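Here is how the chains run, residue by residue.
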Amino acid sequence: MSKSKKKILITTSSFILLESVLTALVQLTNGTLNVFVSFTAIVSAALFAITFFEKTTDAALMCIALICTVCADFFLVVTEPRHQLVAMIFFSVTQICYFLRLYMRQTKRKLHHAAARIILIGAAVILTVLILGEKVDALSLVSIFYFVNLLVNVTVAFIQREKSTFFAIGLLLFSLCDISIGLSVMDKSYIPLPNGSLLRRLANPGFNLAWIFYVPSQTLIAMSITEDKIKRVFNEYRTRLISGGAQEDAEYADNY
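Since the structure is predicted, the reported quantities are computational estimates derived from the model, not experimental observations.

Q: I'd like a description of the environment of A222, backed by residues and values.
A: Positionally, A222 belongs in helix α9 (residues 209-223). Put simply, A222 and C63 are 159 residues apart on the chain and 8.4 Å apart in space, counted from C-alpha to C-alpha. Ignoring sequence-local partners within four residues, the contact set of A222 consists of F15, A45, F48, A49 and L66.

Below, the structure written as structure tokens:
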């Protein structure tokens, strides 16, 4: 195996192991240590993408998106008090980058895609104003802009899943994370959820449900920057292990 392939194998394996450990630690820690663990998981994803950066528009968009995610989490996780509006603006830029990535990969019905996105965003903003009334604010409007873009990105990514399975699944997990956060914010700040309801339990599960989805989502999204190479290297490594095991069995049989 070449040095470049070994680099991909070792770096990716180490990255997956690190993010798995950090996912568990997010649930097991609290206070300052929890902040450090959580933020480290997101920074690690951005650093992984930067490590495999290539001079392409696709890679540039992915790195910008992941760096914006780091900035968003800095204002949402690290700073005290939290700056939710600033964080949501950074998250919105992240989703715009993902939209551009998907749009560039699309070969048919680009105009339909753009038009549908604009219509859905406009309808969602109007609906938000009508439902919240006097409670509507900049945070709710930016958040709905962000969330609609995320849901459209998830849909388009699964339509294009043959081009990147990691990206599609990563965005889906991203949306599940935000749905759990959205339910909690809605319950506390906008529309109280009925006591004993399933939605109320999901909004207040007693553990950090959002981050169970969030860290794996960023792990897969970061890995999607070099997904084809990762799959080829791991398939080659698996083939080597299988063929190596078969050879050892044959040698054992010859000896006995």
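Resuming the write-up.
Q: Go over the packing of aromatic side chains with me, naming the residues and quoting the values.
A: Geometry of an aromatic ring pair is reported as the spacing of the ring centres plus the angle between the planes. In this structure the tally under the stated criterion is 12 aromatic pairs. Arranged with centres 4.9 Å apart and planes meeting at 90°, the rings of W211 and Y214 form a pair that is edge-to-face. Highlighted residues: W211 and Y214, both in helix α9, separated by 3 residues, approximately one helical turn. Just as W211 is buried, Y214 falls in that class too. Connected via pairs of aromatic rings, a cluster forms that spans F91, Y146, F174, W211 and Y214. Sitting over the face of the ring of F52, K7 holds its NZ or CZ atom 5.6 Å from the ring centroid.

Q: For the nonpolar core, give the residues involved together with the corresponding values.
A: In this structure, F91, Y98, F167, L171, F174, W211 and I221 are the most contacted members of the largest nonpolar core, which totals 59 residues. Among the elements that make up this core, the one with the highest residue count is helix α3 (residues 57-78) (10 residues). In this view, L171 contacts Q95, Y98, L150, N153, V154, A157 and I221; residues no more than four positions away in its chain are not counted.

Q: Provide a residue-level description of the packing of helix α4 (residues 84-105) against helix α6 (residues 138-159), including the pertinent values.
A: At their nearest, the axes of α4 and α6 sit 9 Å apart, and the two run at 25° to each other. One finds that α4 runs roughly parallel with respect to α6. Crossing hand, α4 versus α6: left-handed. Judged by residue contacts, Q84, L85, M88, I89, F91, S92, Q95, I96, Y98, F99 and L102 of α4 engage A138, L139, V142, S143, F145, Y146, N149, L150, N153, V156 and A157 from α6. For the contact of α4 with α6, the per-class residue count stands at 16 nonpolar, 6 polar and no charged.

Q: Just give me the short version of the packing of α3 against α4, but keep the residues and values in it.
A: A pair of packed helices can be characterised by two numbers: the angle between their axes and the separation between those axes. Two numbers describe how α3 lies on α4: the axes approach to 8 Å, and their chain directions differ by 165°. Accordingly, the angle class assigned to the pair α3 and α4 is roughly antiparallel. For the pair α3 and α4, the crossing hand works out as left-handed. Its residues assigned to classes, the contact of α3 with α4 shows 19 nonpolar, 4 polar and 4 charged.

Q: Can you tell me about the confidence of the model for the protein chain, naming the residues and giving the values?
A: Model confidence for the protein chain is summarised by a mean pLDDT of 88, while 88% of its residues fall at 70 or above. The low-confidence segment residues 248-256 (pLDDT under 50) makes 0 contacts with residues lying over four places distant or belonging to another chain.

About the criteria used
Residues numbered from 1 in each chain as written. Predicted model: local features only at pLDDT ≥ 70, side-chain atom pairs only at ≥ 80, totals over all residues. Heavy atoms only, no water. Helix = DSSP H or I, 4+ residues; strand = E, 2+ residues; numbered from the N terminus. Contact = heavy atoms within 4.5 Å. Phe/Tyr/Trp six-rings, centres within 6.5 Å; stacked < 30°, edge-to-face > 60°. Buried < 20%, exposed > 50% of the residue type's maximum accessible area, 1.4 Å probe, protein only. Lys NZ or Arg CZ within 6 Å of the ring centre and 35° of its normal. Core = buried A, V, L, I, M, F, W, Y, C linked by side-chain atoms within 4.5 Å. Axes fitted to C-alpha atoms, helices over the stretch in contact; angles between N-to-C directions. Parallel < 35°, antiparallel > 145°, perpendicular 65-115°, else oblique. Left-handed = near helix turned anticlockwise from the far one by under 90°. Nonpolar A, V, L, I, M, F, W, Y, C, P; charged D, E, K, R; others polar. pLDDT = per-residue confidence, 0-100.

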